[in-house]
Amino acid sequence: MADTTDSMSIDDVTAELRQIKKDFDSKIASADSLAEIEKIRVEYLGKKGPINKVTSYMRLLSNEDKPKLGIVLNEIKSELEAVVGEKKEIMETLEIERQLESERIDVTLPGILPTPRVARRHPISMTMEKALDIFVSLGYDTVTECEESPEIETDYYCFEALNCPKDHPARDMQDTFYLTEDMGTLLRTHTSSVQIRQLAKRKPPLRIVAPGRVYRKDDIDATHSLIFHQIEILALDEMGKLNLGHLKGTVEYFLKHMFGPDIKVRFRGSFFPFTEPSMEVDVFFRGKWLEVLGCGMVDPNVLTMAGLDPKKVSGFAAGFGVERFAMVIHGITDIREFYKNDVRFLDQFPTIYNQGVASMLQGHAEKTVDADESTVAVAEESKAVQAEKVQETNKKQQEATTSNAIDVSKLDIRVGVIKKAWLHEEADKLYCEEIDIGEESGPRKIASGLRAHYQLEDLEGQRVLVLSNLKERKLVGFPSHGMVLCASSADGSSVEFIEPPADAKIGERVMVDGFVGEPATENQILKKKMLNVIFPDLSTDVNGVATYKGIPLSTSAGPCFAQNKMSNSPIA
C-alpha cells in the first residue's frame, strides 16, 4: 500500500489502484473453485479489502482531486465485480459438469445397496411429534385434517378474523403469497387461522393444538425460509377459569419438557393483534437467551368476530416455529440444511424423538442401534463432516460480526431528481412524486408529506436523496416505494430537502467515510428495525451539512447539504 502521509496526489492513488487491479487479475485467473473465487472477492472487495481502504485517501487529496478519485475508484470496483461475476458463471458451469460426472450412475448394475442403512426420522418431524405429545398429555386435541387446517386460506380466516387491520404489514403483497388479484385467497402465513375455523364449529370449553406448514415472502438465508412449520395452541373457557397465570404455567411446563427441567424461562411484554396482553418468551440455553415463542390472552375482538361474548369467555393462545426449536435443540446453524435431503445430515439424528435427544442436549451422540459396522462408520464420518462445517460456519460468523453492526452503511441512499409531482387525491398533506434514481425499471413512485412546506411547482426538477431499500407501502392508497430525506426543525414547522452536489450523478450511492458495506435487504431493514437505530444519528451540522455521527453524507462530487443550510436539525 502507498505511504499515507499528510498529502497524496491523484496520480499516486491511481497508480496504486492499477496495481491492485493487476494483482487481482493474476489471482482470479488462477482460481479453480467457487470457494477460491469468493475468497478473492472478499479479499479485494470486502470491507477490509484494499479497494475500500483507498477511500480513506479521500481526506489526503485536494478538493479538485476528490471527484477524480471517486470516478477511478468506481471504475476499478466495477471492473473487479464484473470479472468476479463472469468467473463465477464459468466456474458454476464447470462444477455442475464435474458433479454430474462424479454422480453418474451405471444403470446396468443391480439395484441393491452394498450395505444396509438404518432409516432416520427428520428432525422437524421429531420436534413436531414431541411438542404435540406434550400438549396432548395436557388434554389438547390435535387438529390436522385438510378441511380443518387448509394451507390455502382466505383473507378472512388468516387476517380479518384475527384482528389484523387492513394496513397491517403482514397483509402487504411483499410479505404474503396471494393467489388471486383481489387478494382474497392466499397461502396461510400462520396456523392461527385453524383456531378461527375451530371456533366456527366448536364452543368453549376447548383446548386445541394446530401444527402445520406456513408460507411467507422472506429472503432465504441461514435463519429464514419461504416455507416453514408452526404449532399453535388455543385454550378457551368460561370467564375467570383461565388467566395469565395458567398461560405462563402451560408455557413453562411445555418448555421444560422440550429443553429439560433446569431450563430458565423469561417472559417479555410484546404486541400481537390477536392477543392482549401479549408476551414473547425466551429460554436461557447454551449460555445465552433465545427467543422461542409468542403468546398472550385472546383479544376480545377476536372472540367477538367468532360470535362469542368476551364478557363470558376468555382464554389464551401461543405459537412457535418448529424449525427454530429443532435448530436450538440440535445445534443446527443453517435452516437450509433441513430441506437439502442430505442423508449425511439426517444420519446424525436418532430414530425417534425420545431416543438420544436428552444426550444430544448434553453434547453426547447416541450410538446407532441395529446398524452394522459399515453403517456406523458412514455415520461417524458424516458427523465429522458436519462438525467441520459447524466450526467453519462459526468462524465465518465471528469474522462477520463487525459487518453485522447496524449503521448507516445498511441504508441504500441514492441521488435522485423529481420528474413529476401531483396532489394526493385523498390525503391533504401528501404529494405524490415520480423520482428518477437511475433504475432501469424507471422512476420510483414515492409519497411525501411536504404540502405544508413546498409549492407543487417547486418540486419538478428538484434534486433529492432517496432512501431506496425500503419496502413498498400504501400511504392512503398510494403505493410508495422509498423515502425522500429532509432536515426538520425541532418543532416540525420548517422542513428542507437534503440536496446532493450539482455534479453528483443520478443513481449514485451516497456514502459516509468509515462506514463501508453492502446495504441491507428491504426485509432486513424492516425486521431488524434498523431505522430506529440509524436515524437518531442522522442530522445536519452547524454549516447545514448532512451527517451521520458527525461525518458528512457524501457523493463523488462532495458532501450533501440541507437546501437552505438548516443547521443542527434531525434528518428523516
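Residues numbered from 1 in each chain as written. Predicted model: local features only at pLDDT ≥ 70, side-chain atom pairs only at ≥ 80, totals over all residues. Heavy atoms only, no water.

Engineer: Just to check I follow, could you spell out the confidence of the model for the chain for this structure?
Structural biologist: In low-pLDDT regions, the fine details of the predicted coordinates are not to be read closely. Summary statistics for the chain give a mean pLDDT of 83 and a share of 86% for residues scoring 70 or more. In the model, residues 1-5 has pLDDT below 50 throughout and makes eleven contacts with residues more than four positions away in sequence or in other chains. Considering only residues more than four positions removed or in separate chains, one finds that residues 399-403, a stretch of pLDDT under 50, has three contacts. (pLDDT = per-residue confidence, 0-100. Contact = heavy atoms within 4.5 Å.)

Engineer: Just checking my understanding: could you explain the pairing of strand 11 (residues 431-436) for this structure?
Structural biologist: Side chains on a regular strand alternate between the two faces of the sheet. When strand 10 (residues 413-423) meets strand 11, the two strands line up antiparallel, connected through six bridges. Within the sheet, the bridge partner assigned to Lys 420 lies in strand 11 and is Glu 434. The pairing of strand 11 with strand 12 (residues 444-448) spans five bridges and is classified as antiparallel. Considered in strand 12, the bridge of Glu 433 is made with Ile 446. (Pairing = 2+ DSSP bridges. Helix = DSSP H or I, 4+ residues; strand = E, 2+ residues; numbered from the N terminus.)

Engineer: What is the right way to read the packing of helix 1 (residues 10-30) against helix 4 (residues 66-102) from this model?
Structural biologist: For any two helices packed against each other, one specifies the inter-axial angle together with the distance between the axes. In the contact formed by helix 1 and helix 4, the axes pass within 10 Å of each other and the chain directions differ by 5°. On the basis of their axis angle, the class for helix 1 and helix 4 is roughly parallel. From helix 1, Ile 10, Val 13, Thr 14, Leu 17, Arg 18, Lys 21, Phe 24, Ile 28 and Ala 29 reach across to helix 4, where they touch Lys 68, Leu 69, Val 72, Leu 73, Glu 75, Ile 76, Glu 79, Leu 80, Val 83, Val 84 and Lys 87. Residue composition of the contact of helix 1 with helix 4, by class: 13 nonpolar, one polar and six charged. (Axes fitted to C-alpha atoms, helices over the stretch in contact; angles between N-to-C directions. Parallel < 35°, antiparallel > 145°, perpendicular 65-115°, else oblique. Nonpolar A, V, L, I, M, F, W, Y, C, P; charged D, E, K, R; others polar.)

Engineer: Would you mind going over the sheet that holds strand 18 (residues 495-499) with me for this structure?
Structural biologist: Sheets are built from strands paired through backbone hydrogen bonds, the pairs being either parallel or antiparallel. Spatial strand order, 17-18-24: three strands in an open sheet with antiparallel pairing. Strands at the two margins of the open sheet, each flanked by one partner only, are strand 17 (486-488) and strand 24 (561-562). Here strand 18 pairs with strand 24 via two bridges, running antiparallel. For Ile 498, the partnering residue across the bridge sits in strand 24 and is Ala 562.

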